Amino acid sequence: MDFVSFARSHGIIINDLPPIGVWKRYPTEDHPKKRNGAVKYMGTHGFVQNHATSTVVSLWKPESSERNNLNIRSIVISQAQAEQQRQKLATEAVGKAVRMLNDSGYRTHPYLEAKGFPDEQGSVLNIENKPVLLIPMRLGKSLCGVQQIWEDGTKKFLYGQRTSGATFAFDNKGLNIVCEGYATALSVRAAMKQLKRRYTIHVCFSAGNMVRVAEGLEPGLVIADNDKSGTGQQAAADIGWPVWMSDLEGEDCNDYHRRVGLFGLSQSLTQSMLDIGARWHG
């Protein structure tokens, strides 16, 4: 099976080979108006992921008959050029992130108000006369980019920035907690403060990235979105830690917080943290 056919078998709408060595996004059969499909063609092998249905990347390798037709030298050269381009774009993204954060002001934002935190402040930059909330993203201690959040909840990363393994953390020197979104992290932080418990909340920006981030941490708690697709649930299962998840399909932790209130969320999280004790010490 060739690479295009392999990608199609995973529900990704693709007709031609993508450029060598770079991740490209494509629509999927289940979400044709979104670009939930990601592919990376390396010539000698490739990677495919449908983010709506899977938290893992599938590996493609050509069959022996196809392998004989590959020009290995040109592929190696293309891979090196692609890597240089990725590094260049990543460096440019860091520079742009620094400029955006320096030009921003620290204030409230309509998105945070809509999520139940009208007094919460963050880095806000006016882009085309619209206030955009900037969430710094780091690999270790190094800035690698920003997540941009518009008033209506639209989220974007900078072109070319590294996102795999990137996080934003609320570090209170306590229990490791991984979650997808910034609003969810704010809800969890409020509940942990209510409970007078220490925390280190890692905002991972996607379910798949939660798995990558958790691999380097001491075990703690996963805050999973209750996705209709099962994406959040699968990521939590892959991590293998105790899990908190809303009892309603389609809700994340912030949705649950706004529905049941801070006390209700705090009590629910308490039970999940008891599960941590039972898992690791029982």
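Thresholds, definitions, all that
- Residues numbered from 1 in each chain as written.
- Predicted model: local features only at pLDDT ≥ 70, side-chain atom pairs only at ≥ 80, totals over all residues.
- Heavy atoms only, no water.
- Phe/Tyr/Trp six-rings, centres within 6.5 Å; stacked < 30°, edge-to-face > 60°.
- Helix = DSSP H or I, 4+ residues; strand = E, 2+ residues; numbered from the N terminus.
- Lys NZ or Arg CZ within 6 Å of the ring centre and 35° of its normal.
- Buried < 20%, exposed > 50% of the residue type's maximum accessible area, 1.4 Å probe, protein only.
- Pairing = 2+ DSSP bridges.
- Axes fitted to C-alpha atoms, helices over the stretch in contact; angles between N-to-C directions.
- Contact = heavy atoms within 4.5 Å.
- Polar contact = N/O pair within 3.5 Å; in protein donor to acceptor, adjacent residues only side chain to side chain.
- 1 Å grid on protein atoms, 1.4 Å probe; cavity = no way out; pocket = protein on both sides within 12 Å on 5 of 7 lines; lining within 4 Å.
- Points joined across faces, edges and corners; volume = space filled by probe spheres on them.
- Nonpolar A, V, L, I, M, F, W, Y, C, P; charged D, E, K, R; others polar.
- Disulfide = S-S within 2.5 Å.
- Parallel < 35°, antiparallel > 145°, perpendicular 65-115°, else oblique.

**What about the packing of aromatic side chains?**
Turning to step 1, where the next piece is worked out: Scanning the model with the defined rule gives 9 aromatic pairs in all.
Turning to step 2, where the next piece is worked out: Aromatic pair Trp23 and Phe47: ring centres 6.4 Å apart, planes at 35°, arrangement tilted. Of this pair, Trp23 sits in strand S1 (residues 23-26) while Phe47 sits in strand S3 (residues 46-50), and the two are 24 residues apart along the sequence.
Turning to step 3, where the next piece is worked out: Seen from their ring centres, Phe170 and Tyr182 are 5.8 Å apart, and the 35° between their planes marks the pair as tilted. Of the two residues, Phe170 sits in strand S10 (residues 168-171) while Tyr182 sits in helix H5 (residues 182-194), which places them 12 residues apart along the sequence.
Turning to step 4, where the next piece is worked out: Connected via pairs of aromatic rings, a cluster forms that spans Phe3, Tyr41 and Trp60.
Turning to step 5, where the next piece is worked out: Above the face of the Trp150 ring, Lys156 is positioned so that its terminal group lies 5.2 Å from the ring centre.
Turning to step 6, where the next piece is worked out: Positioned over the ring face of Phe170 is Arg189, at 4.7 Å from the centre of the ring.

**A look at the pairing of strand S8 (residues 142-149)**
Turning to step 1, where the next piece is worked out: Among the 8 residues that make up S8, 7 are buried, leaving the element largely enclosed by the rest of the structure.
Turning to step 2, where the next piece is worked out: For strand S7 (residues 130-139) and S8, the ladder comprises 7 bridges, and the chain directions are antiparallel. Looking across to S8, one finds that Ile135 is bridged to Gln147.
Turning to step 3, where the next piece is worked out: In sequence, S7 turns back onto S8 through a hairpin of 2 residues, with Gly140 there showing a positive phi of about 70°.
Turning to step 4, where the next piece is worked out: The pairing of S8 with strand S9 (residues 155-157) spans 3 bridges and is antiparallel. Residue pairing in the sheet places Gln147 in a bridge with Phe157 of S9.
Turning to step 5, where the next piece is worked out: Joining the antiparallel neighbours S8 and S9 is a turn of 5 residues, in which Gly153 adopts a positive phi near 95°.

**Examining the sheet that holds strand S6 (residues 122-127)**
Turning to step 1, where the next piece is worked out: Read across the sheet, 5 strands follow the order S5-S6-S7-S8-S9 without closing on themselves; strand pairing throughout is antiparallel. Where the open sheet ends on each side, the last strands, each with one partner, are strand S5 (105-107) and S9. Between one strand and the next, the sheet's axes are offset by a mean angle of 45°, whatever the strand orientation.

**Details of helix H6 (residues 207-214)**
Turning to step 1, where the next piece is worked out: Within H6, 7 of the 8 residues are buried, which leaves the element mostly enclosed by the surrounding structure.
Turning to step 2, where the next piece is worked out: Those residues of H6 that fall on the buried side of the exposure criterion are Ala207, Gly208, Asn209, Met210, Val211, Val213 and Ala214.
Turning to step 3, where the next piece is worked out: Residues of H6 that are buried make contact with strand S11 (175-179), strand S12 (199-203), strand S13 (221-224) and helix H7 (231-239).
Turning to step 4, where the next piece is worked out: Its side-chain oxygen at 3.1 Å from the backbone nitrogen of Asn209, Ser206 defines the N-terminal cap of H6.

**Overview of the layout of surface pockets**
Turning to step 1, where the next piece is worked out: Considering only enclosed or pocket space, the second largest pocket measures out at about 220 Å³ in volume.
Turning to step 2, where the next piece is worked out: Lining the second largest pocket are Pro136, Arg138, Gly140, Lys141, Gly165, Thr167, Phe168, Ala169, His202, Arg212, Val213 and Leu217.
Turning to step 3, where the next piece is worked out: Every element with two or more residues in the lining of the second largest pocket is listed here: S7, S10 and H6.
Turning to step 4, where the next piece is worked out: For the lining of the second largest pocket, the per-class residue count stands at 5 nonpolar, 4 polar and 3 charged.

**With respect to the sheet that holds S1**
Turning to step 1, where the next piece is worked out: The 4 strands are arranged S1-S2-S3-S4 in an open sheet whose pairing can be described as antiparallel. At either margin of the open sheet sits one strand with a lone partner, and together these are S1 and strand S4 (58-60). Between one strand axis and the next, the sheet turns by 25° as a mean value, whatever way the strands run.
Turning to step 2, where the next piece is worked out: Bridge analysis of strand S2 (residues 37-41) against S3 gives 5 bridges, and the strand direction is antiparallel. Note that in S3 the partner of Gly37 across the bridge is Asn50.

**Details of the state of the cysteines**
Note on terminology: a disulfide is the covalent bond linking the sulfur atoms of two cysteines.
Turning to step 1, where the next piece is worked out: Under the counting rule described, the total for this entry stands at 0 disulfides.
Turning to step 2, where the next piece is worked out: The thiol sulfur of Cys179 is not disulfide-bonded, and the nearest other cysteine sulfur, from Cys204, lies at 6.5 Å.
Turning to step 3, where the next piece is worked out: Look at Cys179 and you get buried, because its relative accessible area is 0%.

**Quick notes on the packing of H6 against H7**
The angle between the axes and the distance between the axes are what describe a pair of packed helices.
Turning to step 1, where the next piece is worked out: Remark: H6 packs on H7, axes separated minimally by 8 Å, with the N-to-C direction vectors making an angle of 10°. In terms of their interaxial angle, H6 and H7 are classed as roughly parallel. Two secondary-structure elements touch here, H6 through Ala207, Met210, Val211 and Ala214 and H7 through Thr231, Gly232, Ala235, Asp238 and Ile239.
Turning to step 2, where the next piece is worked out: Its residues assigned to classes, the contact of H6 with H7 comprises 6 nonpolar, 2 polar and 1 charged.

**Considering unusual backbone geometry**
Turning to step 1, where the next piece is worked out: Although it is not a glycine, Lys173 adopts a positive phi angle of roughly 60°.
Turning to step 2, where the next piece is worked out: Tracing the chain through its elements places Lys173 in the loop between S10 and S11.

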